[in-house]
Amino acid sequence: QQCIECYAIIDSDRILAHSTETQYEINLIDQDKIHKNLLIKRNDKESIDVFNALIDCYEKPSFVYCLICYGEENSLTHWVAMAVFMAKNIFDFLFEPQFNYKVDCLLNGDNHSLLKFKNLRQADIRTKLELQKSGIGNLEVAEDEFNEVHYSCDSCRTGLKDWNFVYQCSVSPIHRHDICLNCVNTVIELNTELRTYVDDLLDDDLN
């Protein structure tokens, strides 16, 4: 267990409840909408079909790899995210995005600015390197530090693992929030519905 001595005041929104274990979660949210809004970022059927085909292509290899690396039980929390990770990185070389949503930090939007899309494993490595370079706390990086990364969404507390994509706000590491794709997409869907509703009301009033 690592102990980080921070020489700064931590915001109250960093005091969080324990996260859930992802192997015991059931996700009922439509992943197709999340993929389209946050990963594909296109509306045409061809690009959506290509993205889904890439996921199908990498599902079996990802499961086998995770079974070997993480064991029978823990592999269940990694292999789907790994297949999506592979699909996303290949897809971005094939298609340019047609749109992009900008969302402020869900917990401190006034001070933490826009959320940035990142892979959790890559972000974790950069965060620990940044902490070491800045001399904040007494963080020591072990040789097997990055074999398996455990985070949780700061909004809904769902568990997040190495291969998951997340959104992070643009502040220092000790104040930064990690937001899952489900939470970000929920905000997008709700605001889209609200805008449609408001536009209809304005049309009625103006006419």
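Note that the structure is predicted; figures quoted are calculated from it, not measured.

## Side note on helix H5 (residues 120-134)
- The terminal C-alpha atoms of H5 lie 21 Å apart, and with 15 residues this matches the ideal 21 Å at 1.5 Å per residue to within 8%.
- The complete set of buried residues in H5 reads Leu120, Ala123, Asp124, Thr127, Lys128 and Leu131. Here the buried residues of H5 occupy an arc of 130° about the axis, which is enough to place them on one side. Turned more than 90 degrees away from the buried face of H5 sit Arg126 and Lys133, all of them exposed.
- Considering only its buried residues, H5 is in contact with strand S1 (115-119), strand S2 (150-152), strand S3 (159-161) and strand S4 (165-169).

## Some words on a nonpolar patch on the surface
- Where nonpolar side chains cluster on the molecular surface, the patch consists of Phe63, Val64, Leu67, Ile68 and Leu76 and spans about 460 Å² of accessible area.
- Tracing the chain through its elements places Ile68 in helix H2 (residues 45-70).
- For Ile68, a relative accessible area of 69% puts it in the exposed group.

## Some details on unusual backbone geometry
- The phi dihedral of Lys41 is positive, around 60°, even though this residue is not glycine.
- Although it is not a glycine, Arg157 sits at a positive phi angle of roughly 75°.
- Residue position: Arg157 is located in the loop between S2 and S3.

## Re the sheet that holds strand S5 (residues 178-180)
- Reading across from one edge, S1-S4-S5 is the order of the three strands in this open sheet, with antiparallel pairing throughout. The outermost strands of the open sheet, each flanked by one partner alone, are S1 and S5. Strand-to-strand twist across the sheet, computed as the mean angle between neighbouring axes with direction ignored, equals 40°.
- Relative to S5, S4 runs antiparallel, the two sharing three bridges.

## Quick notes on the side chain of Lys88
- If you trace the backbone, Lys88 turns up in helix H3 (residues 79-94).
- Within the structure, Lys88 has its side chain in polar contact with the backbone oxygen of Leu39 (distance 2.8 Å).
- What Lys88 contacts, discounting residues up to four positions off in sequence, is Leu38, Leu39, Phe51, Phe117 and Phe165.

## With respect to the packing of helix H1 (residues 31-40) against H3
- For the pair H1 and H3, the least separation of the axes is 11 Å and the interaxial angle reads 45°. Classified by the interaxial angle, the pair formed by H1 and H3 is oblique. The two elements H1 and H3 cross, and the hand of that crossing is right-handed. Residue-level inspection shows His35, Leu38, Leu39 and Ile40 of H1 in contact with H3, the latter providing Val84, Lys88, Phe91 and Asp92.

Cut-offs applied
- Residues numbered from 1 in each chain as written.
- Predicted model: local features only at pLDDT ≥ 70, side-chain atom pairs only at ≥ 80, totals over all residues.
- Heavy atoms only, no water.
- Helix = DSSP H or I, 4+ residues; strand = E, 2+ residues; numbered from the N terminus.
- Expected span 1.5 Å × (residues − 1).
- Buried < 20%, exposed > 50% of the residue type's maximum accessible area, 1.4 Å probe, protein only.
- Arc of directions from axis to C-beta.
- Contact = heavy atoms within 4.5 Å.
- Patch = residues over 30% accessible without salt bridge, like charges linked within 9 Å, V, L, I, M, F, W, Y side chains within 5 Å.
- Areas by Shrake-Rupley, 256 points an atom, 1.4 Å probe, with all protein chains shown as cover.
- Salt bridge = Lys/Arg side-chain N within 4 Å of Asp/Glu carboxyl O.
- Pairing = 2+ DSSP bridges.
- Axes fitted to C-alpha atoms, helices over the stretch in contact; angles between N-to-C directions.
- Polar contact = N/O pair within 3.5 Å; in protein donor to acceptor, adjacent residues only side chain to side chain.
- Parallel < 35°, antiparallel > 145°, perpendicular 65-115°, else oblique.
- Left-handed = near helix turned anticlockwise from the far one by under 90°.

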